[in-house]
Amino acid sequence: MRPWALLLLVLLTACRYTFLPLDPGRPAPLERPFLTARLEAQGEEALLLLRVQRLPRPGYLLLRWYREEELLQEKALFLEAPGLYRARFPLGAGYHRLVGLLEGVPLFQLDLGTPGLPDPDEEKDQGNR
């Protein structure tokens, strides 16, 4: 056999798929919570309806209730497992906002009312002066 043919045979066998791929195993469970939240006005109260569908571990959900920019109330709701949870907050006139945080990470923001935004026509008039 010629030496160059032997060298070509050795090089071609090195290019073959000669190993089995590693088994990645099962994927790790998701560490993110999955929930849906709804805020309803009921007379002089606002009702939070919270459905937790996936929760990696029990923990406290911190609820911050605002009127415009003013913090009115903070509540901690202990989430044990997936299920339904409720919380009530005082509701007055104006724009209200509820922020939910789990382990310091914001999960949701719900609004009731219309925010008091500046009038864009008034800003234009002030810019022309």
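Refer to the structure above for everything that follows.
Residues numbered from 1 in each chain as written. Predicted model: local features only at pLDDT ≥ 70, side-chain atom pairs only at ≥ 80, totals over all residues. Heavy atoms only, no water.

(A) Seen up close, the environment of Q42. When you line up the elements, Q42 lands in strand β1 (residues 34-42). Expressed as a C-alpha distance, the spacing of Q42 and P90, which sit 48 residues apart in the sequence, is 9.9 Å. Contacts of Q42, omitting those with residues within four sequence positions, involve L47 and R88. (Helix = DSSP H or I, 4+ residues; strand = E, 2+ residues; numbered from the N terminus. Contact = heavy atoms within 4.5 Å.)

(B) Highlighting the sheet that holds β1. The sheet built from 3 strands is open, its strands ordered β1-β2-β5 with antiparallel pairing. Whereas interior strands pair on both sides, the edge strands pair on one side only; in this sheet they are β1 and β5 (83-90). Shown here is a sheet whose adjacent strand axes are inclined to one another by a mean of 20°, direction ignored. Here strand β2 (residues 45-54) pairs with β5 via 8 bridges, running antiparallel. What sits directly across from L48, in β5, is A87. (Pairing = 2+ DSSP bridges. Axes fitted to C-alpha atoms, helices over the stretch in contact; angles between N-to-C directions.)

(C) Up close: the side chain of R97. Here R97 is to be found in strand β6 (residues 96-102). One polar contact links the side chain of R97 to the main-chain carbonyl oxygen of E68, over a distance of 3.5 Å. The contacts of R97, once residues within four sequence positions are left out, are R64, W65, Y66, E68, E69, Q109, L110 and D111. (Polar contact = N/O pair within 3.5 Å; in protein donor to acceptor, adjacent residues only side chain to side chain.)

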